[in-house]
Structure formats: structure tokens, C-alpha cells
Amino acid sequence: LISAVSETTWTLSGLENERTFHVSVAVATDDSLIGTATEEWTAMPMPLIVRPIPIGTRWNLVALPVRPVDSSTAVLFATAVAGPFAYDGGEYTTPNVVRQGTGYWVKYASPGEILVSGFESTADSILVSPGWNLIGSMIRPVAVATIASDPPEMQTSAFFGYHGKYEVSDTLRPGEGYWVKTEQAGVLFLNAGGHIEQKGAIRIRLDSDRPPLPRRRAE
């Protein structure tokens, strides 16, 4: 067992390049086996890339554009004045590590950029809970119109970015985090290639509700 059910992506490290491996995955609950799958994979080296996250003065809503080599908050946000803060179950949390697919509040004293070293990923599945969720973005822009969900046609709010104030966005841009409110638990599927599952697109409902404030924690 390499993962809890809440995780939807895995990285297998330490594999010898150009060797073939048989990978078996089992899906089970605490009581029963749901199903299994076996595939043949060939390990290939992944190119290491570096991508910037633009930073403004004071609060920023950011996300990782790549899967980082070092996901420690002490390394990635070493010069931050406050944060990073994630949002889980209606409360802000202070994680020790960060991951692609999640959005974070972080505060800086002056503008600049964070350089993140990691590996390219063009698709992600993001777990969401009823209410407000703080999600991440991909290495390339993802149009909101291409986001799919499970269950299909999940009802959501608009997607809100932050640049000194909340703004509705029709595109999730690399390095930026976004708020979205969902009516139910499920999974959002982001694909930087623009693919969308047939009949699986989210349904956006516009209203006057706005995301939580960034300053629920002491500055």
C-alpha cells in the first residue's frame, strides 16, 4: 500500500532508467477489494525544469507550477513574512510541505519571484469538499471551460484569483492559486492540454458570495 485513498497521484522514485516494470494497483475499502489493474511501465528520466512564481508586496495567492524536487515550505518560501497557509475544512492551516494542485496564501515584504525546481505535469485531479476550496494551477494556463468533474457536471461558483482584491477568472494561470466553492464533495480534473471529458464539464453558478478573507491569521 503506497497511498491513502485521498491521494490521486504518485511519484515512484529510485527506478533504474530504461528498465521495464510491472506496476499493480489495487483499489479497496477497509472491508473489501474493489478492483485491480496491472500495467507495464518503462522508467525514463524526467527533465528537471525551473519555473517562477511572481510575488507582489503583502498577500499573494500562489500555487506550484511544477511538482517540486523539494516540497518543504522552509525551502520554497524561505523569505516569506507569513505563510504559506492552506485552507482545509473551513480553517487555515500551516503545512510543512506543499503540493501541486493546492493554493496557498503567502505574504512578502517586497515584490519579486520564487523559482521552483521540479518536473512538468500537464494534468491533475483535485479533491474538493462542500464549501470553499483553495486550489492550484498547472504549468500552462487552463481555461475554466475545460475543467471536468466527478461526479459529472458538478455545480461550482466562479473561480476567484487575488491581485490585491478578488477577481473572477476564466483561466487558471501558472503560479497562481484560486478559490472555488462546490456544492458537494468530488474531484476536479485540470488538463493543460485542453481536454475535457464528454458531458463532464462543471456547471458554474454565479452569485454574490465571495471567498474567505486572506487575513484570518495574524499578520
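Reading the values: the criteria
- Residues numbered from 1 in each chain as written.
- Predicted model: local features only at pLDDT ≥ 70, side-chain atom pairs only at ≥ 80, totals over all residues.
- Heavy atoms only, no water.
- Helix = DSSP H or I, 4+ residues; strand = E, 2+ residues; numbered from the N terminus.
- Buried < 20%, exposed > 50% of the residue type's maximum accessible area, 1.4 Å probe, protein only.
- Contact = heavy atoms within 4.5 Å.
- Areas by Shrake-Rupley, 256 points an atom, 1.4 Å probe, with all protein chains shown as cover.
- Pairing = 2+ DSSP bridges.
- Axes fitted to C-alpha atoms, helices over the stretch in contact; angles between N-to-C directions.
- Phe/Tyr/Trp six-rings, centres within 6.5 Å; stacked < 30°, edge-to-face > 60°.
- Polar contact = N/O pair within 3.5 Å; in protein donor to acceptor, adjacent residues only side chain to side chain.
- Salt bridge = Lys/Arg side-chain N within 4 Å of Asp/Glu carboxyl O.

**Student:** Is there a simple way to think about the overall build of the protein chain in this case?
**Tutor:** Within the protein chain, the regular secondary structure consists of one helix and 20 strands. Within the span of the protein chain, comprising 219 residues, buried residues form 40% of the whole. For the protein chain, restricting intrachain contacts to residue pairs at least 6 apart in sequence, the fraction spanning at least 24 positions comes to 75%. Counting every atom, the protein chain has about 12,400 Å² of accessible surface; 52% of that belongs to carbon and sulfur.

**Student:** Explain the sheet that holds strand 6 (residues 82-88) to me, please; I cannot follow it from the model alone.
**Tutor:** Hydrogen bonds between backbone groups are what pair the strands of a sheet, and the pairing can be parallel or antiparallel. Taken together, four strands build an open sheet; the order of strands is 4-8-6-7 and the sheet is antiparallel. With one partner strand each, in any of the chains shown, strand 4 (58-62) and strand 7 (91-93) form the two edges of the open sheet. Strand-to-strand twist across the sheet, computed as the mean angle between neighbouring axes with direction ignored, equals 30 degrees. Bridge count for strand 6 against strand 8 (residues 104-108) is two bridges, and the pairing is antiparallel. In the strand pairing of strand 8, Phe85 is matched with Trp105.

**Student:** Got a minute to help me understand the packing of aromatic side chains in this structure?
**Tutor:** The geometry of an aromatic ring pair comes down to the distance between the two centres and the angle between the two planes. Evaluated as defined, the whole model comprises nine aromatic pairs. Ring centres 6.0 Å apart and planes at 40 degrees place the aromatic pair Trp59 and Phe85 in the tilted group. Within this pair, whereas Trp59 is found in strand 4, its partner Phe85 is found in strand 6, the two being separated by 26 residues in sequence. A single burial state applies to Trp59 and to Phe85, both of which are buried. For the pair Tyr162 and Tyr166, a centre-to-centre distance of 5.4 Å together with 70 degrees between the ring planes defines the contact as edge-to-face. Side by side, Tyr162 and Tyr166 carry an identical accessibility label, which is buried. Connected via pairs of aromatic rings, a cluster forms that spans Trp59, Phe85, Trp105, Tyr162 and Tyr166.

**Student:** Before we go on, may I ask you to explain the sheet that holds strand 19 (residues 186-191) in this structure?
**Tutor:** As summarised here, the arrangement of the three strands in space is 10-19-13, forming an open sheet in which the pairing is antiparallel. Each edge of the sheet is formed by a strand with only one pairing partner; in this case those strands are strand 10 (123-128) and strand 13 (148-150). Each neighbouring strand pair of the sheet contributes to a mean axis angle of 25 degrees, computed without reference to strand direction. Alignment of strand 13 against strand 19, held across three bridges, turns out to be antiparallel.

**Student:** What's the story with unusual backbone geometry in this structure? I'm lost.
**Tutor:** If a residue is not glycine, its phi is most likely negative; likewise, a peptide bond is most likely trans. Cis peptide bonds are those with omega within 30 degrees of zero, and the linkage from Gly83 to Pro84 qualifies with 10 degrees. Note that the residue after Asp150, namely Pro151, is joined by a cis bond; omega there is 5 degrees. One can find Pro151 in the loop between strand 13 and strand 14 (155-156). At Arg58, a position not held by glycine, the phi torsion is positive, near 75 degrees. Topologically, Arg58 is positioned in strand 4.

**Student:** What should I look at first to understand the side chain of Thr171 in this one?
**Tutor:** Tracing the sequence through the fold places Thr171 in strand 17 (residues 171-172). Side-chain polar atoms of Thr171 contact the side chain of Asp170, separated by 3.1 Å. The residues contacting Thr171, other than those within four sequence positions of it, are Pro141, Val142, Ala143, Val144 and Tyr178.

**Student:** Which parts of the structure should I look at to understand the pattern of salt bridges?
**Tutor:** Between side chains of opposite charge, pairing is possible as soon as their charged atoms come close. Tallying each qualifying case throughout the model produces six salt bridges. Salt-bridge contacts for Arg203 lead to Glu153; the nearest nitrogen and oxygen are separated by 3.3 Å. With Arg203 in strand 20 (residues 203-204) and Glu153 in the loop between strand 13 and strand 14, the pair connects residues that are 50 residues apart, well separated along the chain. For Glu153, a relative accessible area of 35% gives the class partly exposed. Across the pair Asp209 and Lys181 runs a salt bridge whose closest N-O atoms are separated by 2.6 Å. Of this pair, Asp209 sits in the segment after strand 20 while Lys181 sits in strand 18 (residues 178-182), placing them 28 residues apart in sequence. A residue is classified by how much of its surface remains accessible, and Asp209, at 29% relative accessible area, is partly exposed. Ionic contacts of the salt-bridge type, sharing partners, join the residues Glu183, Arg205 and Asp207 into one network.

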